Amino acid sequence: MGEPQLQFRQSDHAFAVGYHDLHPDPTLNYQMNRFSDGSDEMAREMAAAALRIHNYTDYTRTFLGLSDAAYSAHRVLHSALYLRSAEFFMGPHDARKAPARRTFIERMRDSFHVTESSYHLIPYRDGDLAGYRLSAQNPRATVLMFGGFDSYVEEMFAWQLHLVANGYDVISFDGPGQGFALEESGIPMTEEWHRPVAAVINHFAVRDVTLFGISLGGCLAIRGAARDPRVLRVVCDDILTDFTAVCLRQLRPAKRAALRALMAMHARSAVNTLIDTQMKRSLVTQWGVQQGIHVTGTGSSYDFLRSATRLETLSISDQVTQDVLLMAAEEDHYVPGNQFIAQLGLLSQARSVTGRLFTRAEQAQNHVQVGNVGLALDVFLRWMAGLDDRDERLTSGARK
C-alpha cells in the first residue's frame with residue numbers, strides 16, 4: 001500500500017526504527033504503528049490483517065484475534081499491544097473495554113517486569129491518580145512523565161525504563177482524564193494541570209523536577225510548569241498550543257470557521273447539530289467526539305468543545321520561566337505545524353528554549369515521533385546533559 005518505506009538497519013538500541021505503511025487510512029495506520037514494538041514480525045502480521053479492516057468494528061475484531069493468537073504463542077508483549085490497539089476504538093460503554101484494559105495492564109507489567117512495589121495510588125481530590133516510580137541508583141534528576149488525550153501510563157514503560165537506564169528517577173502517572181484516574185476514579189480532564197503535578201510532587205516528596213508531557217501532555221506540561229516553581233525543566237513532546245484546532249482539523253476550512261463562529265455565539269443547539277451530522281459522515285470524528293466527551297466528563301459535543309478551548313498555552317506561556325525543550329514532527333497528522341512555531345514564540349520569559357523538528361528521513365515524521373521514539377529520547381538526554389554542563393559551569397563560576 002502506498003510508497004515503499006525506507007529500510008533501516010536494526011541496532012542494539014532498545015527502540016526499533018521505521019514508520020510502516022500498513023493501512024491506507026492515516027488514523028488507522030498511525031494507531032497500528034503506535035501500538036507496536038516496531039518489530040518486523042508485528043509489521044508483517046498487521047499488514048496482512050489490514051486487508052480485512054474497513055472500519056473500526058473490523059479493526060477491533062481483527063486486533064482482538066491477533067492478541068489472542070499472540071498470547072497463545074507466548075508472545076505476551078505483542079498480545080498486550082494488540083489488545084490495547086483493539087481496546088482503543090471501543091466506546092466508553094462497550095462491555096469489553098474495562099476487561100481489555102485491565103488485561104493489557106497486567107500483560108505490560110509482565111512484559112517489562114514492573115512489580116507491584118513500583119505502583120502507587122496518589123490521593124487527588126475525591127479519588128486517586130495512579131503511577132509508577134522506577135529509579136536508577138543515585139539518580140541525576142527526577143522526571144515526571146505523563147501522556148495526553150487517550151494514553152495509559154503503562155504504554156510508557158519502555159520510555160521510562162530507557163530513562164532509568166540512563167540514570168534518572170522517573171515517575172510516570174495518569175492524571176485527570178487519563179488511564180486509571182479516568183476509568184477507575186472517574187476524574188475528568190482539567191486544564192489546571194498544576195494541581196495533579198503538585199499532588200504527585202507532594203506524594204513522592206521530590207523537588208527540582210523535569211516535566212515530560214507526551215502528545216496533549218505537551219500542552220499540559222506548559223500549563224503545569226507555569227504555576228509550580230518546583231519544576232525546573234519542561235519537555236513538550238509534542239507541542240500543542242491549541243487543542244480546539246486539533247479537534248477541528250478533520251473538518252474542511254469553511255466548516256471549521258462556521259463552528260468557531262457558532263462556538264463564539266454560544267449556539268449550543270447549532271453546534272451539536274453540526275457535529276452530529278459530521279459524526280455520521282466520519283468515523284474519526286465520531287470516535288474523537290465520543291472520546292472527548294468521555295475524557296472531559298461533559299454531556300454533549302458543544303460542552304466537550306467548550307472544555308477543549310481551555311486546553312491552550314497562549315494565556316499562560318509567558319509565565320513559564322524554566323528551561324524548555326519543544327519536540328515536534330514535520331508531518332504530524334494531528335497537530336497543525338504552525339503550533340510549533342507559535343509555541344517557540346510564546347515562551348518569552350523562559351530561561352532557555354530549544355526546538356527540535358523531526359523528519360521523514362529520520363522515520364520520526366509523525367505524532368510523538370512514532371517510528372523513531374529512541375531518537376526523541378536521545379535528544380532529550382542530550383538536552384538534559386547540556387543543561388547540567390551549563391549549570392555546573394555557572395555554579396563553578398559563582399564559587400570563584
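Since this is a predicted model, take the numbers as computed values, not measurements.

Trainee: Would you explain the pattern of salt bridges in this entry?
Mentor: Opposite charge on two side chains permits them to pair, given that their charged atoms come into close proximity. Tallying each qualifying case throughout the model produces 26 salt bridges. In this structure, the salt-bridge partner of E184 is R101, at a minimum N-O distance of 2.4 Å. With E184 in the loop between α7 (179–183) and α8 (194–204) and R101 in helix α5 (residues 97–112), this residue pair connects regions lying 83 residues apart in the sequence. Under the relative-accessibility criterion, E184 is labelled partly exposed at 34%. One salt bridge in this structure joins D391 and R233, with 3.1 Å as the shortest N-O distance. Of this pair, D391 sits in helix α16 (residues 373–399) while R233 sits in strand β6 (residues 231–237), placing them 158 residues apart in sequence. A network of salt bridges, in which partner residues are shared, links R34, R84, E87, K97, D150 and E155.

Trainee: Would you mind showing me how to read the sheet that holds strand β2 (residues 127–135) here?
Mentor: Strand pairing in a sheet is mediated by backbone hydrogen bonds. Such pairs are either parallel or antiparallel. One open sheet holds the 8 strands; their spatial order is β1-β2-β4-β3-β5-β6-β7-β8, and the pairing between them is mixed. Every other strand in the sheet has two partners, leaving β1 (119–124) and β8 (352–358) as the edge strands with one partner each. Mean inter-strand twist for the sheet, computed between neighbouring axes without regard to direction, equals 20°. As judged from the 6 bridges shared by strand β5 (residues 209–214) and β6, these two strands associate in the parallel manner. Pairing of I214 across the sheet is with D237, part of β6. Sitting on the sheet, α8 touches β1, β2, β3 (142–146), β4 (169–174), β5 and β6, and the angle it makes with β1 is about 125°.

Trainee: Explanation requested: unusual backbone geometry in the structure shown.
Mentor: Most peptide bonds take the trans configuration, and most residues that are not glycine carry a negative phi. That bond from D237 to D238 is cis: its omega, 10°, falls within 30 degrees of zero. As for its position among the elements, D238 is in the loop between β6 and α10 (243–247). Within the chain, D208 stands out as a residue other than glycine whose phi angle is a positive 55°. In this fold, D208 is placed in the loop between α8 and β5. Positive phi is not limited to glycine here, since Q363 has a value of about 60°. Counting through the fold element by element, Q363 comes out in the loop between β8 and α16. When its relative accessible area of 2% is taken as the criterion, Q363 is described as buried.

Trainee: What am I meant to see in the confidence of the model for the chain here?
Mentor: Any segment with low pLDDT has predicted coordinates that should not be analysed in fine detail. Mean pLDDT over the chain stands at 93; residues scoring 70 or higher make up 96%. The low-confidence segment residues 1–13, where pLDDT is below 50, has 23 contacts with residues more than four positions distant or belonging to other chains.

Trainee: Explain the environment of A205 to me, please; I cannot follow it from the model alone.
Mentor: Along the polypeptide, A205 turns up in the loop between α8 and β5. With a relative accessible area of 67%, A205 lands in the exposed category. Spatially, the C-alpha atoms of A205 and A376 are 28 Å apart, while their sequence positions differ by 171 residues.

Cut-offs and rules
Residues numbered from 1 in each chain as written. Predicted model: local features only at pLDDT ≥ 70, side-chain atom pairs only at ≥ 80, totals over all residues. Heavy atoms only, no water. Salt bridge = Lys/Arg side-chain N within 4 Å of Asp/Glu carboxyl O. Helix = DSSP H or I, 4+ residues; strand = E, 2+ residues; numbered from the N terminus. Buried < 20%, exposed > 50% of the residue type's maximum accessible area, 1.4 Å probe, protein only. Pairing = 2+ DSSP bridges. Axes fitted to C-alpha atoms, helices over the stretch in contact; angles between N-to-C directions. Contact = heavy atoms within 4.5 Å. pLDDT = per-residue confidence, 0-100.

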